[in-house]
Amino acid sequence: MDNSSGTALLDLARNRYDRTLELLERMVLTESPTGDAAGVSAVADQVRELFAEHHAEVSVREGEWGTHLVMDIPGAGASRDAAPVLFIGHSDTVWPEGTLAEMPFRIEDGIAYGPGIFDMKSGLLIMHQGLSVSAELGSSRPPVRVIVVGDEEIGSPSSRELLLASAEGVSAVLGFESPHPGGALKMGRLGSTRLRLEITGRASHAALDPDGGVNAIEELVDQILALRKVVGSAQEAAPGDVLCNVGTIAGGGKTNVVPAAASVEVGLRFRTPDVENQVLASIRDLAPVRPDAQLQVHTLSQRPAWQADAADEELLAAVEAAAQDAGLPAVGGHPAAGAGDTNFLGSDLPTLDGLGPDGAGAHADHEQVRLESIPERIALLAALLARL
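Below is a summary of the structure that appears in this document. (Residues numbered from 1 in each chain as written. Predicted model: local features only at pLDDT ≥ 70, side-chain atom pairs only at ≥ 80, totals over all residues. Heavy atoms only, no water.)

## Regarding unusual backbone geometry
Item 1. In this structure, the amide linkage connecting Asp-119 to the following residue, Met-120, adopts the cis form with an omega of -5°.
Item 2. Along the chain, the position of Met-120 falls in helix H4 (residues 117–137).
Item 3. Unusually for a residue other than glycine, His-55 sits at a positive phi of about 55°.
Item 4. With a phi angle near 75°, Asp-292 is a residue other than glycine that sits in the positive phi range.
Item 5. As for its position among the elements, Asp-292 is in the loop between helix H7 (273–284) and strand E14 (294–303). (Helix = DSSP H or I, 4+ residues; strand = E, 2+ residues; numbered from the N terminus.)

## Quick word on the sheet that holds strand E3 (residues 85–90)
Item 1. Taking strand neighbours across the sheet as the criterion, the six strands line up as E1-E2-E6-E3-E7-E16 in an open arrangement whose pairing is mixed. Looking at strand neighbours, the two that pair on one side only are strand E1 (57–63) and strand E16 (351–352), the edges of this open sheet.
Item 2. Contacting strand E2 (66–73), E3 and strand E6 (144–149), H4 runs over the sheet at an angle of about 150° to E3. (Pairing = 2+ DSSP bridges. Contact = heavy atoms within 4.5 Å. Axes fitted to C-alpha atoms, helices over the stretch in contact; angles between N-to-C directions.)

## Regarding the pattern of salt bridges
Item 1. If you walk through the whole model with that rule in mind, you get 19 salt bridges.
Item 2. A salt bridge links Arg-16 to Glu-136; the shortest N-O distance between them is 3.3 Å. Residue Arg-16 is found in the loop between helix H1 (3–15) and helix H2 (17–28), and its partner Glu-136 is found in helix H4; the two are separated by 120 residues along the sequence.
Item 3. With a relative accessible area of 47%, Glu-136 lands in the partly exposed category.
Item 4. Several salt bridges share partner residues, and in doing so they unite Glu-218, Glu-219, Asp-222 and Arg-290 into one network. (Salt bridge = Lys/Arg side-chain N within 4 Å of Asp/Glu carboxyl O. Buried < 20%, exposed > 50% of the residue type's maximum accessible area, 1.4 Å probe, protein only.)

## Considering H4
Item 1. In a regular helix each residue adds 1.5 Å, so 21 residues correspond to 30 Å; H4 covers 28 Å between its end C-alpha atoms and thus fits that length.
Item 2. Counting buried positions along H4 yields 18 of 21 residues, so the element is predominantly enclosed.
Item 3. Two residues or fewer past H4, Gly-138 is found with a positive phi of approximately 70°. (Expected span 1.5 Å × (residues − 1).)

## Looking at the side chain of Thr-20
Item 1. Mapped onto the secondary structure, Thr-20 falls in helix H2.
Item 2. Classification of Thr-20 by relative accessible area gives buried; the value is 2%.
Item 3. Within polar-contact distance, the side chain of Thr-20 engages the backbone oxygen of Arg-16 at 2.7 Å.
Item 4. The contacts of Thr-20, once residues within four sequence positions are left out, are Leu-125, Gln-129, Ile-374 and Ile-378. (Polar contact = N/O pair within 3.5 Å; in protein donor to acceptor, adjacent residues only side chain to side chain.)

## Details of the nonpolar core
Item 1. If you look at the biggest cluster of nonpolar residues, it comprises 62 residues, and the most contacted ones within it are Phe-51, Phe-87, Val-146, Leu-174 and Phe-176.
Item 2. Excluding anything up to four places from it in sequence, Phe-51 contacts Ala-56, Met-71, Ile-73, Leu-124, Met-127, His-128, Leu-131 and Val-146.
Item 3. Among the nonpolar cores identified, the runner-up in size contains 24 residues, and Leu-195, Ile-224, Val-231 and Val-279 belong to it. (Core = buried A, V, L, I, M, F, W, Y, C linked by side-chain atoms within 4.5 Å.)

## What to know about the packing of H2 against H4
Item 1. Close contact between H2 and H4 brings their axes to 10 Å; oriented N to C, the two are set at 140°. The orientation of H2 with respect to H4, classified from their angle, is oblique. When you trace H2 past H4, the crossing you get is right-handed. Here Arg-19, Thr-20, Leu-23, Leu-24, Met-27 and Val-28 of H2 come into contact with H4, specifically with Ile-117, Lys-121, Ser-122, Leu-124, Leu-125 and Gln-129.
Item 2. Residues belonging to the contact of H2 with H4 are distributed by class as follows: seven nonpolar, three polar and two charged. (Parallel < 35°, antiparallel > 145°, perpendicular 65-115°, else oblique. Left-handed = near helix turned anticlockwise from the far one by under 90°. Nonpolar A, V, L, I, M, F, W, Y, C, P; charged D, E, K, R; others polar.)

Treat this as a map of the structure, not an account of what it does.
As structure tokens, then:
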């Protein structure tokens, strides 16, 4: 692609600026916290409406978390019969309903703010507008399959199998989550597992029959210490490969009753599959310390570690060539600490994530997108599709 073509790409992307901003505001103003099926489905409806322009064949999966969408879009030109490329996104956010009252959509000094704007409603628009610019230029590109799920922020419990099925037969996976600061792509992600340890003890009067009870809270404390020992051993053997956060503890009631139940939720992050498997197996092998106490370990969500490989490097090289085609600076790519839906696919398929626009503050009250980066990402995607 010559310099004039690169200029044309950016010009077409910039011509869509006002419309993209209008769509972004509409999407951010539609609050869609995970678990709010109506809000999640409303955003999915907006996405579906946009992708009608691309003659998408749409499959809708309704459930307790709202709508999950899968859309198949035909290819164009010489690549029309190639294997499809999979686009991954989500419509849910971490922000509870009513957040807009305290954190309104606004634009100041070239920055747009609002709940879910960076993670990842702006990324959903990059998918659409990049395809539109590609079509406007008449570029050759492979078919595209788009999946937008409604429960990503809690580990995709109801959409994981749909994600895996959607990846069958695709040549590459592109995630449109937020990038690293400055716009570098995410190439590899830590694995993420959420566990709940549940203790069942036996209630009794704390003064009249203290020995007749089994204190579930005391058992839970011992189990947390045992879990920390497992994690500590793994950290000593492989520094930096394991992160652990004890996030929620529940149990007990009155101080004159030996508590019969207690639980803890724990978040774990893993750099490599080997350490992940070792630590999780050791935690599941934990045994009660007290006679008659019962311990159950439940997996709430699990995303496997994704370590970048040669196929991912090759895909990044295509992105860098596309950036050059579009007259953009080098993009770059490196691993991310946070997990996402690309974890499910990155170890098996050429995968990159972070193709959303540049910004900051994912899950924070200063969540923002740098508006200048939106047309840049649109042009980058259009150029990349021509190379896949």
